Amino acid sequence: MSQKTLPFSRQKLEQIAARVPTPFHIYDERAIRENARRLVGAFSWAEGFKEFFAVKAAPNPYLMKILHAEGFGADCSSLPELILAERAGITGEEIMFSSNDTPPEEYRAARGLGAIINLDDISHISFLEEHAGLPELLSMRYNPGSLKGGNAIIGHPEEAKYGFTRDQVMEGFRVARDKGVRRFGLHAMVASNELDPQYFVETADILFRLAAEAAQVLGIAFEFVNIGGGIGIPYRPDQEAVDLEIAGQGIRERYDAIIGPAGLHPLKVFMECGRLITGPYGYLVAQVLHVKHTYKDFVGLNANMANLMRPALYGAYHHITVAGKESAPHDRTYDVTGSLCENNDKFAINRALPEVEVGDLVVIHDAGAHGHAMGFNYNGKLRSA
Ligand SMILES: *Cc1c(COP(=O)(O)O)cnc(C)c1O
């Protein structure tokens, strides 16, 4: 079970809404910092452990600065994300550039900032060399293919557009070594919103073994293994958060079993989570404009899927609290809708809620990652605060 409570009262929310027009996204800094420390604590055994916050999840300079102050770097995948990182004071090897289908000028910008470049394909070695020059430190993204089971958002690794095959990654490290690259990293990201900690232990295991083999066969030194992002969050109240201690300890056991004997210690463990870091600590706040009774009962908000598209895009569940009515009986059933001229513009379908009235403030939970970030301007809707 996960608690779906609010870190603010209705009264506090009304005070905020008097200054900031609804709809808006609001974040809980204290909870973000506590969670960041929990993650770092779970990997305190790993020398040089670093989380590179996936900027795309919440490209907000205030959040990026808070996370940087907690020791996090930035995982960027585009030029604007690189610029955001730089403006937030994150540069050099505190940036992981994990892009795909990348234009030349973006590689040049990443090189200019001294970011760690994580290549998506074997053909990108010569592309990078031609357009930006090869750096001293280079990482490659491995796609384990059928070695790894599928996951709902990314799907089966063989079907995914990302990464090198096993043969390609071995060949890629050999080519890069022969071209003078001296420091190496290995990366994989094969899941999204995955709640089973063992999934990440297995990913680390696959990467540790591959790094050990490549180091032995090619005589190269690995500096880090990046196990990617994708740690899920309990969107539904009946789901359980990933126990980071269990994930950390499981990865530590594989590290001790594989990396020590292979002579690769100290090998840094990196991560590039987004959702886990800010997801549960951001809320979309909207006001009820209309309550409509036809064949069903509808609550119409002044927010719409341009403010949070996950329910419409993935059929994702987001918990909803009607502020101040937390303990009222949830004896009504509503579709909670936005105003786009799209029938799938619904935050919830057949949701049990207390009786809703026009003017109520409605809080949509777990909107802190891939929420405001995925916003768009269809129907001429403006981005919210
Ligand atoms: C999306 C993405 C992430 C972050 O994913 P989360 O599910 O938010 O943790 C990290 N790395 C890469 C390469 C990504 O594409």
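Predicted model only: the values in this text are computed from it and were never measured. (Residues numbered from 1 in each chain as written. Predicted model: local features only at pLDDT ≥ 70, side-chain atom pairs only at ≥ 80, totals over all residues. Heavy atoms only, no water.)

## Here we look at the overall build of the protein
- When you go through the protein residue by residue, the secondary structure sums to 11 helices and 15 strands.
- The C-alpha radius of gyration computed for the protein amounts to 22 Å, which stays within 12% of the reference 21 Å derived for 385 residues, consistent with globular compactness.
- Overall, the C-alpha framework of the protein stretches about 70 × 40 × 35 Å when taken along its three principal axes.
- Counting across all 385 residues of the protein, residues that qualify as buried make up 55%.
- For the protein, contacts bridging at least 24 residues in sequence account for 70% of all contacts bridging at least 6.
- Only carbon and sulfur atoms are counted for the fraction: they give 49% of the accessible area of the protein, which is about 16,600 Å².
- Positive and negative side-chain charges in the protein, numbering 38 and 48 respectively, have mean positions lying 3 Å apart. (Helix = DSSP H or I, 4+ residues; strand = E, 2+ residues; numbered from the N terminus. Rg over C-alpha atoms; globule rule 2.2 N^0.38 Å. Buried < 20%, exposed > 50% of the residue type's maximum accessible area, 1.4 Å probe, protein only. Contact = heavy atoms within 4.5 Å. Areas by Shrake-Rupley, 256 points an atom, 1.4 Å probe, with all protein chains shown as cover. Lys, Arg positive; Asp, Glu negative; His and termini not counted. Charge placed at Lys NZ, Arg CZ, Asp CG, Glu CD.)

## Details of the site of the ligand
- The immediate surroundings of the ligand are formed by 14 residues, with Lys56, Gly230, Glu272, Arg275 and His370 found nearest.
- Within the side chain of Asp75, one N or O atom sits 3.3 Å away from a nitrogen atom of the ligand.
- Between the ligand and Gly230, the relevant distance is 2.8 Å, taken from an oxygen atom to a main-chain nitrogen or oxygen of the residue.
- In terms of residue class, the shell around the ligand is built from 3 nonpolar, 6 polar and 5 charged. (Near = heavy atom within 4 Å. Polar contact = N/O pair within 3.5 Å; in protein donor to acceptor, adjacent residues only side chain to side chain. Nonpolar A, V, L, I, M, F, W, Y, C, P; charged D, E, K, R; others polar.)

## As for the state of the cysteines
- Within the structure shown, the criterion is met by 0 disulfides.
- Not part of a disulfide, Cys76 finds its nearest cysteine sulfur in Cys273, a span of 15 Å. (Disulfide = S-S within 2.5 Å.)

## Remarks on the nonpolar core
- The biggest cluster of nonpolar side chains holds 82 residues, and the ones touching the most others in it are Leu39, Phe43, Leu138, Phe173, Leu186, Phe208 and Phe222.
- Sequence-distant contacts of Phe208, that is, excluding residues within four places in its chain, are made with Val225, Ile251, Arg254, Tyr255, Ile258, Ile259, Leu267 and Val269. (Core = buried A, V, L, I, M, F, W, Y, C linked by side-chain atoms within 4.5 Å.)

## Here's the deal with helix α5 (residues 104–113)
- Listed in full, the buried residues belonging to α5 are Glu106, Tyr107, Ala110 and Leu113. Across the axial projection of α5, the buried residues extend over an arc of 125 degrees, all falling on one side.
- Elements in contact with the buried residues of α5: α4 (79–87), β4 (95–98), β5 (116–119) and α6 (123–131).
- In the segment just after α5, Gly114 is the residue with positive phi, at about 75 degrees. (Arc of directions from axis to C-beta.)

## Considerations on the side chain of Arg275
- The residue Arg275 is located in helix α10 (residues 275–278) in this model.
- No salt bridge is formed by the buried Arg275, whose closest oppositely charged neighbour, Asp366, lies at an N-O distance of 9.6 Å.
- Side chain to side chain, Arg275 and Tyr235 meet in a polar contact 2.8 Å long. (Salt bridge = Lys/Arg side-chain N within 4 Å of Asp/Glu carboxyl O.)

## A closer look at the pairing of β5
- Residues Ile116 and Asn118 of β5 are buried on one face, and the alternating residues Ile117 and Leu119, pointing to the opposite face, are buried as well.
- When β4 meets β5, the two strands line up parallel, connected through 3 bridges. In the sheet register, Ser98 faces β5, and the bridge partner there is Asn118.
- On the question of chirality, the crossover connecting β4 to the parallel β5 by way of α5 is right-handed. (Pairing = 2+ DSSP bridges. Right-handed = clockwise from strand over helix to strand, strands pointing away.)

## Examining the sheet that holds strand β9 (residues 268–271)
- Taken in spatial order, the 8 strands close into a barrel running β2-β3-β4-β5-β6-β7-β8-β9, and their pairing is parallel. Taken pair by pair, the neighbouring strands of this sheet meet at an average axis angle of 25 degrees, ignoring direction.
- Across 4 bridges, the pairing between strand β7 (residues 183–187) and strand β8 (residues 222–226) is parallel. Note that in β8 the partner of Leu186 across the bridge is Val225. (Axes fitted to C-alpha atoms, helices over the stretch in contact; angles between N-to-C directions.)

## Looking at the domain arrangement of the protein
- Domain annotation for the protein reports domain 1 (29–279) and domain 2 (280–380).
- Once you take the C-alpha centre of each, domain 1 and domain 2 turn out to be 34 Å apart.
- Across the contact, 21 residues belong to domain 1 and 15 residues belong to domain 2.
- Summed over the shared surface of domain 1 and domain 2, the number is 0 salt bridges.
- Linking domain 1 with domain 2 are 7 residue pairs in polar contact (both at pLDDT 80 or more), by the criterion used here.
- Elements represented by at least two residues in the side of domain 1 that touches domain 2 include exactly α2 (29–42) and α10.
- Per-class residue counts for the side of domain 1 that touches domain 2 are 12 nonpolar, 5 polar and 4 charged. (Domains from an automatic or database assignment.)

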